[in-house]
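# Survey of secondary and tertiary structure
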Amino acid sequence: MPTMSGLDETARAIVADGKGILAADETVSTITKRLTARAIESTAERRRAYREMLFSTPDLAAFIGGVILQDETIRQDSSTGIPLIELLAGRGIIPGIKVDAGVHPLAGAPGEFVAEGLDGLRGRLEEYRELGARFAKWRAVFIIRDDGLPTAKCIHANAHALARYAALCQEQGLVPIVEPEVLMEGAHALERCEDVTGRVLQAVFNELFDARVSLEGMLLKPNMITPGQGRAGQASVQEVAEATLRALTRHVPPAVPGVVFLSGGQDPVLATQHLNAINALDGPKPWKLSFSYGRALQDEALEVWRGRREHVLAAQQAFHHRAWCDSAAALGRYSG
Ligand code: 13P
């Protein structure tokens, strides 16, 4: 499979030294839940103002190589009339777009989900590229449960869809971010997460290979290996780091330029510590190991902002601080 040089360059630029991704691609329904949980009314204008606050944070480009937008935001303008996507590009931050249509119950697999959105995807990618997007994201989810979930059927269905999406992205000149997320929900042990994540990653790369996706022109966005959120007695930062690197070493080809972890509901400080510990481990790490956090990058800033114009500077300071910490962690140089 030949490499695709424009895509390779974009993928590497997003994860250049000390840079990661801000996932600001919550759907209207998800961001509405986050805003209303803080007593902030969710209107299109509020959501626009919130994203503008994040994107115009001073010096952001030192820590953030790419921002993932969603359909509403990619069409919105800043308060000074510049499209938000241009505001990012003008600051040297590469804009991307969420293109899956969310997860839906998988027929014949009770309790499991498949990410949809392949129908008409080629046309949507074309439009997003014309609007200025340079990469895309598709998220699949896998649930761990004692009664045998995830099933092989669910893993296969989602891995296949991820590969079809990734091939379409590359055809349309966009870098695919391939996001298979094993959810933290449940009370399972770290070892179970490691086993399931390994099986999921193996299936995803098998499908990517069959779909002739160029690995050099993509990024992987996996979960870290942790015990379930409901498990009494959590793992140490070191245990999470070692298990995560072991899973990547076993299942992720070195041709992939970058692995950008999702935060998945981890506390922001812990997400920084985990990333730092992974990067501080000895041993071969052929990929850039960085972040593509949503909640772990935004939660502190959102808490400060609370929808108030007079809180913008303080919220930007909180966001800047967390982005700075995560950037240091992507280099294995965080000490906090
Ligand atoms: P979290 O970091 O909040 O898990 O979000 C990342 C993301 O993009 C989920 O699709």
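Shown above is the structure to which this text applies.
A short tour of the structure in this document, coming up. Not measured: the values here are computed from a predicted model.

## Here's the deal with the overall build of the protein chain
Assigned secondary structure in the protein chain consists of 12 helices and 10 strands. On C-alpha atoms alone, the protein chain measures out to a radius of gyration of 19 Å, which is about the 20 Å that the 2.2 N^0.38 rule sets for 336 residues. Referenced to the eigenvectors of the C-alpha coordinate spread, the extents of the protein chain come out at roughly 50 × 45 × 40 Å. In the protein chain, which comprises 336 residues, the share counted as buried stands at 48%. For the protein chain, restricting intrachain contacts to residue pairs at least 6 apart in sequence, the fraction spanning at least 24 positions comes to 81%.

## Some words on the packing of helix α7 (residues 152-171) against helix α8 (residues 190-210)
Two elements in contact, α7 and α8, have axes separated by 8 Å at closest approach and are oriented at 40°. With respect to α8, the axis of α7 lies oblique. Where α7 crosses over α8, the two elements pack in a sense that is right-handed. Residues Ile 155, His 156, Ala 159, His 160, Leu 162, Ala 163 and Ala 166 of α7 form the contact with α8, whose participating residues are Arg 199, Val 200, Ala 203, Val 204, Glu 207, Leu 208 and Asp 210. Its residues assigned to classes, the contact of α7 with α8 comprises nine nonpolar, two polar and three charged.

## Let's talk about the site of the ligand
Around the ligand, the neighbouring residues are Ala 23, Arg 139, Glu 179, Leu 262, Ser 263, Gly 264, Tyr 293, Gly 294, Arg 295 and Ala 296. Among the residues making up the shell around the ligand, the classes are represented as four nonpolar, three polar and three charged.

## Here we look at the packing of helix α11 (residues 295-305) against helix α12 (residues 312-330)
Where α11 contacts α12, the axes come no closer than 8 Å and their chain directions differ by 165°. On the basis of the axis angle, α11 is roughly antiparallel to α12. In this structure, α11 crosses over α12, and the sense of that crossing is right-handed. Facing α11, whose interface residues are Leu 297, Glu 300, Ala 301, Val 304 and Trp 305, α12 presents Val 312, Ala 314, Ala 315, Ala 318, Phe 319, Arg 322, Ala 323 and Asp 326.

## Brief notes about the sheet that holds strand β9 (residues 258-261)
Reading around the circumference, β1-β2-β3-β6-β7-β8-β9-β10 is the order of the eight strands in this closed barrel, with parallel pairing throughout. Across four bridges, the pairing between strand β2 (residues 64-69) and strand β3 (residues 94-98) is parallel. Bridged to Gly 66 within β3 is Ile 94.

## Notes on unusual backbone geometry
Pro 150 follows Leu 149 through a cis peptide bond whose omega is 5°. With respect to the secondary-structure elements, Pro 150 resides in the loop between β6 (135-142) and α7. With a phi close to 60°, Arg 212 is a non-glycine residue in the positive phi region. Tracing the sequence through the fold places Arg 212 in the loop between α8 and β8 (219-220). For Arg 212, a count of 11 C-beta atoms within 10 Å corresponds to the exposed category. One non-glycine residue with positive phi stands out, namely Arg 306, at about 50°. By secondary structure assignment, the location of Arg 306 is in the loop between α11 and α12.

Each value, and the rule that gives it
- Residues numbered from 1 in each chain as written.
- Predicted model: local features only at pLDDT ≥ 70, side-chain atom pairs only at ≥ 80, totals over all residues.
- Helix = DSSP H or I, 4+ residues; strand = E, 2+ residues; numbered from the N terminus.
- Rg over C-alpha atoms; globule rule 2.2 N^0.38 Å.
- Buried ≥ 20, exposed ≤ 12 C-beta atoms within 10 Å, placed from the backbone.
- Contact = placed C-beta atoms within 7 Å.
- Axes fitted to C-alpha atoms, helices over the stretch in contact; angles between N-to-C directions.
- Parallel < 35°, antiparallel > 145°, perpendicular 65-115°, else oblique.
- Left-handed = near helix turned anticlockwise from the far one by under 90°.
- Nonpolar A, V, L, I, M, F, W, Y, C, P; charged D, E, K, R; others polar.
- Near = placed C-beta within 6 Å.
- Pairing = 2+ DSSP bridges.

These values are about where atoms sit, not about what they do.
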